[in-house]
Amino acid sequence: MAKAYLGLGSNIGDTKEHLDNAIDILRSSKDIVVLKKSSYYKTEPIGYENQDWFLNMVVEVETTLEPKELLQYCQLIETQLKRKRIVRWGPRTIDIDILLYENYSSNQESLIVPHPRMTERAFVMIPLYEIAPDLLIKDVAISEVVKQLEGLETVIKEI
Ligand SMILES: Nc1ncnc2c1ncn2[C@@H]1O[C@H](COP(=O)(O)OP(=O)(O)OP(=O)(O)O)[C@@H](O)[C@H]1O
Ligand SMILES: Nc1nc2c(c(=O)[nH]1)N=C(CO)CN2
């Protein structure tokens, strides 16, 4: 079994329902166990700003799937939840990114792991820090990475 972290985001329709549905579909796979879920976070849109705020979260999973198979399963969930690709970094019912997969590292365009933009994104790092406070990312403590992002973008933990 390999441990992986997935970043989930939604900013169309009932965002909480989309995140919950995505987790239910992850859980329905015999090859995936969802071990931890972060809180939900309301987050300011980054990259393409003319869109609604997102609801983001991170989950920790254990899986027997290989990285590419896990990506395919995540993309299947995106299709099932009617994600349309119209604008890069634009609105979506659901986005699922593989952030980390054990110590696996890949630079192929179709699957870059660790996710190439994760350490710049408070909407990823803050929920990841909540569920994995002792993680090292490229030999740097996650607490340090989160500190560097303080005050850059608004990320509000839902209670
Ligand atoms: N770690 C990864 N997780 C998910 N997709 C990835 C990853 N690395 C590369 N990709 C590729 O990125 C492509 C575009 O993905 P997507 O449309 O979800 O990007 P995005 O979410 O808009 O932007 P970003 O990657 O900045 O979050 C996918 O087709 C996928 O093959
Ligand atoms: N706040 C926020 N901004 C984003 C997000 C996201 O999930 N949350 N996803 C993007 C493309 O993956 C681009 N911008």
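Residues numbered from 1 in each chain as written. Chains lettered and ligands numbered in written order. Predicted model: local features only at pLDDT ≥ 70, side-chain atom pairs only at ≥ 80, totals over all residues. Heavy atoms only, no water.

In the annotation of an unreviewed UniProt entry, the entry for the protein reads 2-amino-4-hydroxy-6-hydroxymethyldihydropteridine diphosphokinase, and the organism field reads Alkalibaculum sporogenes. Here the protein is described in UniProt, under the heading Pathway (unreviewed entry), as follows: "Cofactor biosynthesis; tetrahydrofolate biosynthesis; 2-amino-4-hydroxy-6-hydroxymethyl-7,8-dihydropteridine diphosphate from 7,8-dihydroneopterin triphosphate: step 4/4." As its UniProt record puts it under Catalytic activity (unreviewed entry), the protein is described as follows: "6-hydroxymethyl-7,8-dihydropterin + ATP = (7,8-dihydropterin-6-yl)methyl diphosphate + AMP + H(+)". (UniProt positions renumbered as here; feature names shortened; annotations may be inferred.)

### Points about the overall build of the protein
Assigned secondary structure in the protein consists of four helices and 10 strands. Starting at the N terminus and ending at the C terminus, the protein contains elements arranged as β-α-β-β-β-α-β-β-β-α-β-β-α-β. For the protein, the C-alpha radius of gyration of 15 Å lies close to 15 Å, the compact-globule estimate for 159 residues. A principal-axis box enclosing the C-alpha atoms of the protein has dimensions of 35 × 35 × 35 Å. The buried share among the 159 residues of the protein stands at 49%. Long-range contacts, defined here as pairs at least 24 residues apart, represent 68% of the contacts in the protein between residues at least 6 apart. Counting every atom, the protein has about 8,700 Å² of accessible surface; 49% of that belongs to carbon and sulfur. (Helix = DSSP H or I, 4+ residues; strand = E, 2+ residues; numbered from the N terminus. Rg over C-alpha atoms; globule rule 2.2 N^0.38 Å. Buried < 20%, exposed > 50% of the residue type's maximum accessible area, 1.4 Å probe, protein only. Contact = heavy atoms within 4.5 Å. Areas by Shrake-Rupley, 256 points an atom, 1.4 Å probe, with all protein chains shown as cover.)

### Concerning unusual backbone geometry
With an omega of -5°, the peptide bond running from Val113 to Pro114 counts as cis. For Pro114, the location among the structural elements is in the loop between β7 (111–113) and α3 (122–131). Positive phi values are uncommon outside glycine, yet Glu102 reaches one of about 45°. Note on placement: Glu102 falls in the loop between β5 (95–101) and β6 (106–108). With a phi angle near 50°, Lys138 is a residue other than glycine that sits in the positive phi range. Within the secondary structure, Lys138 sits in the loop between β8 (136–137) and β9 (140–141).

### Regarding the site of ligand 2
The environment of ligand 2 is formed by 10 residues, the closest being Thr43, Glu44, Ile46, Asn56 and Asp95. For ligand 2, a nitrogen atom lies 2.7 Å from a polar atom in the side chain of Thr43. Residue Asn56 places a side-chain N or O atom 2.9 Å away from an oxygen atom belonging to ligand 2. For ligand 2, the protein covers 96% of the area, taking 340 Å² as the surface of the free molecule. Within the shell around ligand 2, the residues separate by chemical class into five nonpolar, two polar and three charged. (Near = heavy atom within 4 Å. Polar contact = N/O pair within 3.5 Å; in protein donor to acceptor, adjacent residues only side chain to side chain. Nonpolar A, V, L, I, M, F, W, Y, C, P; charged D, E, K, R; others polar.)

### Digging into the packing of α3 against helix α4 (residues 142–149)
Taken N-terminus to C-terminus, the directions of α3 and α4 make an angle of 140°; their axes are 10 Å apart at the nearest point. The pairing of α3 with α4 is recorded here as oblique in orientation. When the axes of α3 and α4 are compared, the crossing they make is left-handed. Counting all contacts with α3, which are made through Ala122, Met125, Ile126, Leu128 and Tyr129, the residues of α4 involved are Ile142, Ser143, Val145, Val146 and Leu149. Among the residues forming the contact of α3 with α4, the class breakdown is nine nonpolar, one polar and no charged. (Axes fitted to C-alpha atoms, helices over the stretch in contact; angles between N-to-C directions. Parallel < 35°, antiparallel > 145°, perpendicular 65-115°, else oblique. Left-handed = near helix turned anticlockwise from the far one by under 90°.)

### Some thoughts on the packing of aromatic side chains
Tallied over the full model, the rule gives one aromatic pair. Consider the rings of Tyr101 and Tyr104, whose centres lie 5.8 Å apart with planes at 70°: the pair is edge-to-face. The exposure class assigned to Tyr104 is partly exposed, which follows from its relative accessible area of 28%. (Phe/Tyr/Trp six-rings, centres within 6.5 Å; stacked < 30°, edge-to-face > 60°.)

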